[in-house]
Amino acid sequence: MTCMLAIIQWRGAAAGEERGSMEVEQVLHMKEGTGKASYANNSKFQERATAMVKKILEESIQELYSGEQPEHLMLADLGCSSGPNALTMLAEIIAMVDNTCQSLNLKLPEFQVFLNDLPGNDFNTMFKSLPNLWKKLKKLKERDSEVACFISATPGSFYKRLFPRNCLHLIYSVYAVHWLSQVPRGLEGEDGLALNKGNLNIGKACQPQVHKAYHDQFEKDFTLFLSLRSQELVLGGRMVLTMPGNVDSKEPSTLWMLFSMALNDMVLQGLIEKEKVDAYNLPLYRASPGEVKKLIEDEGSFTLHQLSTVNLKWENQKLLADGMRAVLEPLLAAAFGVAVMDELFHRYEETARDYMATEQVETVNLVISMSRKS
């Protein structure tokens, strides 16, 4: 088996980049390292989301090989993060390709894999688990020759071009594309005061302007994302996305509602400044299936093969709080300070415990499969 780690490839920021995008890129990353609170040790929920797309990925690979039969298969994982899920999924994709090649009596291709995330991502922690990938690849049946897999890190925003034109055969992404390129504009009134006071995201009683600002930013970002990926994929190349969504994007997320409750409780006790909470908005959007379908059709570069929703339940408040801390602590610490993080997530866990005593907490997931039009 050959498995090589290439030199990290850097795509610098484009000239004239908006300040808001730069700010998000600098602070948006999962909790680094392998400690108790790290993303590497608290990404089980994302692992379950990854499992949802296995069948769709397998179908995409089979469809890809029904046309082109590349000797070198180029793959990109967008928003790979720092936990074990990216390499686990890669091993499964290689096994799927192996099964497809066996059924067609084809030689296994060489694999070039690009692992992408923002520059602040902890790529080192992920690469330390490469020996586990090699062990999994060794279990593949040796037919013609060894498994040749070449892995590169590609730091940069996926709201910019990341790869040469017409080079990728498969793009996949799990729990990444719901992140916006920046906090939406239009979340302040003409008087300069915050319109979304007390909410981290779209709240239950938020003004219509708040939802419109988030919707417009997602529309701009997702349309750009599709256009960029269509340039990087080969004709007929496949893309599979999984991201948190909602049946109705105007409906608030229970996850963010519980966070807002915990933050506002700390405001009342003088532990966090009210002005900071009122002015803070998370740069993410949970789109509805209808919104995603319309944007794919309007952008025009892709044929949509599947768009479905799957609900995943959070098992208990401890897993929920630890999972949210692994994802959000770097962002929230930059806004409210490192000193209050322990107290904030302790209160979040308590708030979630009280809520989950009578209600379920679920995340609606959108699973999307498409191919670049010929």
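In the block above lies the structure referred to throughout.
Visitor: So what exactly am I meant to see when it comes to the overall build of the protein chain here?
Guide: Looking only at helices and strands, the protein chain features twelve helices and eight strands. The buried share of the protein chain, taken over its 374 residues, is 55%. Sequence-distant contacts, at least 24 apart, represent 86% of the contacts inside the protein chain between residues at least 6 apart. For the protein chain, the exposed surface amounts to about 16800 Å²; the carbon and sulfur share of it is 50%.

Visitor: What exactly am I supposed to notice about the nonpolar core here?
Guide: Side chains of nonpolar character tend, in soluble globular proteins, to be buried together. Counting residues in hydrophobic clusters, the biggest one holds 41 residues, and the most contacted among them are Leu 57, Leu 75, Leu 90, Ile 93, Val 97, Phe 111 and Ile 151. For this core, the secondary-structure elements that each account for two or more residues are α3 (54–67), β2 (72–78), α4 (85–104), β3 (110–117), α5 (123–127), α6 (130–138), β4 (148–155) and β5 (168–174). Take this core: its biggest share by element is ten residues, from α4. What Ile 93 contacts, discounting residues up to four positions off in sequence, is Leu 57, Ile 61, Leu 75, Leu 170 and Tyr 172.

Visitor: Mind showing me how you'd approach the pattern of salt bridges here?
Guide: As a working rule, side chains carrying opposite charge can pair if their charged atoms are close by. Considering all chains together, one arrives at 14 salt bridges under this definition. For the salt bridge of Glu 92 with Lys 54, the shortest nitrogen-to-oxygen distance reads 3.1 Å. Taken together, the positions of Glu 92 in helix α4 and Lys 54 in helix α3 put the pair 38 residues apart, joining distant regions of the chain. In this structure Glu 92 comes out as partly exposed when scored by relative accessible area, which is 23%. Among the residues examined, Lys 54 registers a relative accessible area of 34% and is labelled partly exposed. A salt bridge links Asp 322 to Lys 318; the shortest N-O distance between them is 3.4 Å. Of this pair, Asp 322 and Lys 318 both sit in helix α11 (residues 317–336), separated by four residues, roughly a single helical turn.

Visitor: Would you mind going over the packing of aromatic side chains with me for this structure?
Guide: Within a pair of aromatic rings, the relevant descriptors are the distance that separates the centres and the angle that separates the planes. Summed over all chains, the structure comprises eleven aromatic pairs. With centroids separated by 5.3 Å and ring planes inclined at 10°, the aromatic side chains of Phe 218 and Phe 222 adopt a geometry described as stacked. Of this pair, Phe 218 and Phe 222 are both found in helix α7 (residues 208–232), four residues apart, which corresponds to roughly one turn of the helix. An identical accessibility class is assigned to Phe 218 and Phe 222; each is buried.

Visitor: I'm lost on helix α12 (residues 341–356) in this one. Help?
Guide: Given 3.6 residues per turn, any residue in an α-helix points the same way as the ones three and four places further on. Here α12 is 16 residues long and its end C-alpha atoms lie 22 Å apart, about the 22 Å a rise of 1.5 Å per residue gives. What α12 keeps buried is the set Met 341, Leu 344, Phe 345, Arg 347, Tyr 348, Thr 351, Ala 352 and Met 356. Around the axis of α12, the buried residues are gathered within 160° of arc, so they sit on the same side. Opposite the packed face of α12, turned more than 90 degrees from it, sit the exposed residues Asp 342 and Asp 354. Its buried side turned inward, α12 meets α8 (254–268) and α11.

Visitor: Would you mind showing me how to read a positive patch on the surface here?
Guide: Side chains of Lys 135, Lys 136, Lys 138 and Lys 139 sit close together on the surface and give a patch of like positive charge. Within the secondary structure, Lys 135 sits in helix α6.

Visitor: Honestly, the packing of α4 against α6 in this entry has me stumped. Any pointers?
Guide: The axes of two packed helices give the description: the angle between them and the distance between them. Running from N to C, α4 and α6 point in directions that differ by 20°, and their axes come no closer than 10 Å. Judged by the angle between their axes, α4 and α6 are roughly parallel. The element α4 and its partner α6 pack so that their crossing is right-handed. The segment α4 lies against α6, with Leu 87, Thr 88, Leu 90, Ala 91 and Ile 94 engaging Leu 130, Leu 133, Lys 136 and Leu 137. Class assignment for the residues of the contact of α4 with α6 results in seven nonpolar, one polar and one charged.

Visitor: Help me understand helix α10 (residues 289–299) in this model?
Guide: Listed in full, the buried residues belonging to α10 are Glu 291, Val 292, Leu 295, Ile 296 and Glu 299. Each buried residue of α10 sits inside an arc of 130° when the element is viewed along its axis, so together they form one side. Where α10 is buried, its residues meet α7, β6 (233–245), β7 (302–313) and β8 (362–372). In the segment just after α10, Gly 300 is the residue with positive phi, at about 90°.

Visitor: What's the story with the side chain of Ser 230 in this structure? I'm lost.
Guide: Checked against the element boundaries, Ser 230 lands in helix α7. Owing to a relative accessible area of 8%, Ser 230 belongs among the buried residues under this scheme. Beyond its immediate stretch of four places on either side in the chain, Ser 230 contacts Glu 299, Ser 301, Phe 302 and Arg 372.

Visitor: Please explain the environment of Thr 223 as it appears in this structure.
Guide: Relative to the helices and strands, Thr 223 resides in helix α7. The class for Thr 223 is partly exposed, based on a relative accessible area of 27%. Along the sequence, Thr 223 and Val 292 sit 69 residues apart, while their C-alpha atoms lie 9.6 Å from each other. Sequence-distant contacts of Thr 223, that is, excluding residues within four places in its chain, are made with Phe 218, Leu 295 and Glu 299. Engagement of the side chain of Thr 223 in a polar contact is seen with the backbone oxygen of Glu 219, the distance being 2.7 Å.

What counts, and where the lines are drawn
Residues numbered from 1 in each chain as written. Predicted model: local features only at pLDDT ≥ 70, side-chain atom pairs only at ≥ 80, totals over all residues. Heavy atoms only, no water. Helix = DSSP H or I, 4+ residues; strand = E, 2+ residues; numbered from the N terminus. Buried < 20%, exposed > 50% of the residue type's maximum accessible area, 1.4 Å probe, protein only. Contact = heavy atoms within 4.5 Å. Areas by Shrake-Rupley, 256 points an atom, 1.4 Å probe, with all protein chains shown as cover. Core = buried A, V, L, I, M, F, W, Y, C linked by side-chain atoms within 4.5 Å. Salt bridge = Lys/Arg side-chain N within 4 Å of Asp/Glu carboxyl O. Phe/Tyr/Trp six-rings, centres within 6.5 Å; stacked < 30°, edge-to-face > 60°. Expected span 1.5 Å × (residues − 1). Arc of directions from axis to C-beta. Patch = residues over 30% accessible without salt bridge, like charges linked within 9 Å, V, L, I, M, F, W, Y side chains within 5 Å. Lys, Arg positive; Asp, Glu negative; His and termini not counted. Charge placed at Lys NZ, Arg CZ, Asp CG, Glu CD. Axes fitted to C-alpha atoms, helices over the stretch in contact; angles between N-to-C directions. Parallel < 35°, antiparallel > 145°, perpendicular 65-115°, else oblique. Left-handed = near helix turned anticlockwise from the far one by under 90°. Nonpolar A, V, L, I, M, F, W, Y, C, P; charged D, E, K, R; others polar. Polar contact = N/O pair within 3.5 Å; in protein donor to acceptor, adjacent residues only side chain to side chain.

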